[in-house]
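Fold and geometry: a report
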Amino acid sequence: MLEAALETLLMSDNIGSPVKYQYDGVAQPLSPTTLRYLKVASDLKGLFGEGLDRVAEIGRGYGGQTLVNDQLLKYRHATLFDLPFVNELIRKYLNSMLLTGAYRVTTINETLPDKYDLAISNYAFSELPDVLQRAYIDKVLATSERGYLTMNSGLGGRRSSGKLSLEQLRELLPPFEMYEEQPLTAPFNYLIVWGHDKDFAGEYMIAKQPE
């Protein structure tokens with residue numbers, strides 16, 4: 001996977017002139033944002049494997065995580081949820097690449113409840129006001145067989161104001177386990193995961209107990 005990962009990193013970093021840094025053991029400078037996407041893809045591979053048919057991605061930014069997942073995990077189809085003007089950026093970015101699978105962009109108001117093999121969010125879901133969090137749970141998360149949510153609200157801190165609490169999330173989401181974010185990028189960050197290979201999670205992640 002390492003060789004394919006480096007090829008994907010270099011391909012992603014060719015678009016948009018991102019800030020790059022030199023890392024030990026790597027010949028060319030790389031974008032730290034893309035490295036983060038690679039870390040998430042590595043988690044997803046260990047937790048859920050490759051080749052899932054239907055993946056929902058909440059809050060896709062410019063589409064970098066989608067590209068990395070497409071190249072390394074061979075997901076067949078991704079439904080990407082974001083704001084309309086952000087979706088235009090995603091289209092421009094992803095359409096400059098040649099994907100192995102397919103994607104569509106949409107908003108939460110433009111879709112009906114549906115079933116997915118996996119739902120992903122890198123912080124975006126946790127930063128929504130609770131009314132929008134509930135909408136995403138109803139239409140996307142509650143019926144997703146697997147889930148991987150990087151969270152920065154729900155446990156405490158200022159980011160939790162106006163968001164669903166951990167207790168509410170446990171009532172509304174499928175049964176999940178919590179893990180520490182590794183590396184930890186801010187206090188109160190954590191992962192919500194369900195439908196996963198627990199052997200992998202036990203080996204590579206450390207369980208966080210509710211406070």
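Cut-off values and rules
- Numbering of residues begins from 1 in every chain and follows the order in which that chain's sequence is written.
- Reporting of local features is limited, given that this is a predicted model, to residues whose pLDDT is at least 70; pairs of side-chain atoms are given and counted only at 80 or more, and all residues count toward the totals for whole chains, interfaces and linings.
- Only hydrogens and water are removed before side-chain values are computed, so all heavy atoms of the structure are retained for them.
- Helix and strand labels come from DSSP, where a helix needs a run of H or I of at least four residues and a strand needs a run of E of at least two; each type is numbered from the N terminus.
- Burial classification: accessible surface area is computed with a 1.4 Å probe over protein chains only, and a residue below 20% of its type maximum counts as buried, one above 50% as exposed, and the rest as partly exposed.
- Two residues form a contact once any of their heavy atoms are found within 4.5 Å.
- Computed by Shrake-Rupley with a 1.4 Å probe, the accessible areas treat only the displayed protein chains as cover when residues are assessed.
- At least two bridges found by DSSP between two strands are what make those strands a pair.
- When the strands point away from the viewer, a crossover counts as right-handed if the route from the first strand across the helix to the second turns clockwise.
- The span you would expect from a helix comes to 1.5 Å times its residue count less one.
- Directions from the helix axis toward the C-beta atoms define the arc.
- The salt bridge definition used is simple: a Lys or Arg side-chain nitrogen within 4 Å of an Asp or Glu carboxyl oxygen.
- Between the rings of Phe, Tyr and Trp (Trp by its six-membered ring), a pair exists once the centres lie within 6.5 Å; its type follows the angle of the planes, with under 30 degrees stacked, over 60 edge-to-face, and the other angles tilted.
- Values of pLDDT, ranging from 0 to 100, describe the predictor's confidence in every residue of the model.

1. What to know about the overall build of the protein chain
Scanning the protein chain from N- to C-terminus turns up 7 helices and 7 strands. Of the regular secondary structure in the protein chain, the N- to C-terminal order runs α-α-β-α-β-α-β-β-α-β-α-β-β-α. Its C-alpha atoms give the protein chain principal-axis dimensions of about 45 × 40 × 30 Å. Relative to its 211 residues, the protein chain shows a buried fraction of 49%. Put simply, of all contacts in the protein chain between residues at least 6 apart along the chain, 69% involve residues at least 24 apart. Looking at the protein chain as shown, the accessible area adds up to about 10,500 Å², and 54% of this sits on carbon and sulfur atoms.

2. Concerning the pairing of strand S5 (residues 147-151)
In terms of residue burial, S5 counts as a mostly covered element, since 5 of its 5 residues are buried. Side chains Gly147, Leu149 and Met151 of S5 all project onto a buried face; the interleaved residues Tyr148 and Thr150 project onto the opposite face, where all are buried too. Two elements, strand S4 (residues 118-122) and S5, share 4 bridges in a ladder whose sense is parallel. Among the inter-strand pairings, serine 121 is bridged to a residue of S5, identified as leucine 149. On the question of chirality, the crossover connecting S4 to the parallel S5 by way of helix H5 (residues 130-141) is right-handed. Strand direction decides the pairing type here: S5 and strand S7 (residues 190-194), joined by 5 bridges, are antiparallel. Looking across to S7, one finds that threonine 150 is bridged to leucine 191.

3. Some points on H5
A turn of α-helix holds 3.6 residues, and therefore any two residues three or four places apart point the same way. Taking 1.5 Å of rise per residue, the 12 residues of H5 would be expected to cover 16 Å, yet its terminal C-alpha atoms sit only 14 Å apart, more than 12% below that figure. Among the residues making up H5, those that are buried are Gln133, Tyr136, Ile137, Val140 and Leu141. For H5, the angular spread of buried residues about the axis comes to 110°, placing them on one side. Residues of H5 that are exposed and point over 90 degrees away from its buried face: Val131 and Asp138. Where the residues of H5 are buried, they touch strand S1 (54-58), strand S2 (77-81), S4, S5, helix H6 (166-172) and S7.

4. So, the pattern of salt bridges
Charged atoms that come close allow side chains of opposite charge to pair. By the definition in use, this model includes 10 salt bridges. A salt bridge links aspartate 114 to arginine 54, with the nearest nitrogen and oxygen atoms 2.9 Å apart. Taken together, the positions of aspartate 114 in the loop between strand S3 (102-106) and S4 and arginine 54 in strand S1 put the pair 60 residues apart, joining distant regions of the chain.

5. Description of the environment of leucine 89
Tracing the chain through its elements places leucine 89 in helix H4 (residues 84-94). Between the C-alpha atom of leucine 89 and that of arginine 60, which follows or precedes it by 29 residues, the distance is 10.0 Å.

6. Things to note about the packing of aromatic side chains
Applying the stated criterion across every chain, the model contains 3 aromatic pairs. A network of ring pairs unites the aromatic residues Tyr37, Tyr62 and Tyr93 as a single cluster.

7. Some points on the confidence of the model for the protein chain
Interpretation of this model should avoid reading the predicted coordinates in detail wherever pLDDT is low. Here the protein chain shows a mean pLDDT of 89. Residues at 70 or above account for 91%. Here residues 206-211 is a poorly scored stretch, pLDDT under 50, and it has 15 contacts once near neighbours within four places are set aside; other chains count.

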